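Chains, contacts and geometry: an overview
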Amino acid sequence: MKLTRLDIPDLILVEPKRHGDNRGFFSEVYKRPAFADFGIDIDFMQDNQSLSVEPGVVRGLHFQAPPHAQAKLVRVLKGAILDVAVDIRRGSPTYGRHVAVELSAENFLQLLVPVGFAHGFCTLAPNTEVLYKVSDGYSPECEGGIAWNDPAIGIAWPVSAETAVLSAKDKLYGGLDSFETPFVYDGSAVEA
Ligand SMILES: Cc1cn([C@H]2C[C@H](O)[C@@H](COP(=O)(O)OP(=O)(O)O[C@H]3O[C@H](C)C(=O)[C@H](O)[C@H]3O)O2)c(=O)[nH]c1=O
């Protein structure tokens with residue numbers, strides 16, 4: 001399992017090894033010690049899975065505030081997504097900056113999104129299924145969100161406001177400057 005720190009060093013790209021043979025492949029897709037070797041110890045407690053039927057479905061940008069903040073480990077079982085994480089930790093040198101990576105069933109990549117980041121994705125293929133581990137349970141009262149297309153963040157989504165498929169909830173979120181983040185940067189990440 002290969003772990004790589006991205007431009008925002010708290011965000012980590014994960015590439016499990018696939019052992020191929022005449023039947024197909026076998027892969028250890030999550031291994032807690034591999035993260036521990038990288039200085040990361042997250043106690044994931046729930047797996048979530050979503051199906052998005054159409055390409056161009058945008059889910060996000062979401063987070064849960066403390067005491068139910070969530071770290072996430074995101075992977076794609078079927079199809080493909082542009083996966084995005086936005087740094088919303090007050091005092092972070094990369095506050096408001098984001099990383100966008102393509103995760104797909106084909107590239108087998110995963111994205112680790114720690115607490116303190118808003119998360120969202122846009123599907124790039126029909127019938128895309130996303131599976132992600134979370135480190136805390138669902139807490140509607142702690143749910144928060146930021147407008148997916150906030151120009152202050154400037155994500156280069158492959159869809160427009162006219163073509164994106166959004167939930168009613170996601171259409172209502174305000175921009176980065178419309179909320180007081182509940183997260184504070186603690187300087188934890190080791191520089192890449
Ligand atoms: C998140 C969640 C939702 N639900 C129920 C609540 C609704 O009845 C239904 C759909 O929820 P929602 O529209 O919030 O689902 P998404 O828009 O996919 O939300 C997720 O999208 C982005 C990409 C994220 O990173 C979060 O994990 C999560 O916010 O599932 C649950 O029962 N448990 C849960 O953990």
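Since this is a predicted model, take the numbers as computed values, not measurements.

1. Focus on the overall build of the protein chain
When helices and strands are tallied, the protein chain shows one helix and 15 strands. A compact globule built from 192 residues would reach a C-alpha radius of gyration of about 16 Å, and the protein chain, at 16 Å, matches this within 12%. On the principal axes, the C-alpha backbone points of the protein chain span a range of 55 × 40 × 30 Å. Looking at the protein chain as a whole, 51% of its 192 residues are labelled buried. Expressed as a percentage of contacts within the protein chain between residues at least 6 apart in sequence, the contacts between residues at least 24 apart total 80%. On the protein chain, roughly 9,600 Å² of surface is accessible, and the fraction owed to carbon and sulfur atoms is 52%. Both charge centroids of the protein chain, one from 17 positive and one from 25 negative side chains, sit 6 Å from each other.

2. A few points about the pairing of strand S1 (residues 2–5)
Covered by surrounding structure in S1 are Leu-3 and Arg-5 only, the residues Lys-2 and Thr-4 on the alternate face being uncovered. The pairing of S1 with strand S2 (residues 12–15) spans four bridges and is classified as antiparallel. By the bridge assignment for S2, Arg-5 is matched with Ile-12. Between the antiparallel neighbours S1 and S2 lie six residues.

3. Concerning unusual backbone geometry
Here Gly-60 and Leu-61 are connected by a cis peptide whose omega angle stands at 0°. Along the chain, Leu-61 falls in strand S6 (residues 58–64). Look at the link from Pro-66 to Pro-67: it is a cis peptide, with omega at 10°. One non-glycine residue with positive phi stands out, namely Phe-108, at about 65°. Classification of Phe-108 by relative accessible area gives buried; the value is 10%. The phi torsion at Asn-127 lies on the positive side, around 55°, for a residue other than glycine. When you line up the elements, Asn-127 lands in the loop between strand S12 (117–123) and strand S13 (128–134). On the basis of relative accessible area, Asn-127 is assigned to the partly exposed category, the value being 33%.

Conventions adopted
Residues numbered from 1 in each chain as written. Predicted model: local features only at pLDDT ≥ 70, side-chain atom pairs only at ≥ 80, totals over all residues. Heavy atoms only, no water. Helix = DSSP H or I, 4+ residues; strand = E, 2+ residues; numbered from the N terminus. Rg over C-alpha atoms; globule rule 2.2 N^0.38 Å. Buried < 20%, exposed > 50% of the residue type's maximum accessible area, 1.4 Å probe, protein only. Contact = heavy atoms within 4.5 Å. Areas by Shrake-Rupley, 256 points an atom, 1.4 Å probe, with all protein chains shown as cover. Lys, Arg positive; Asp, Glu negative; His and termini not counted. Charge placed at Lys NZ, Arg CZ, Asp CG, Glu CD. Pairing = 2+ DSSP bridges.

Everything listed here is a matter of coordinates, which is why it stays silent on function.
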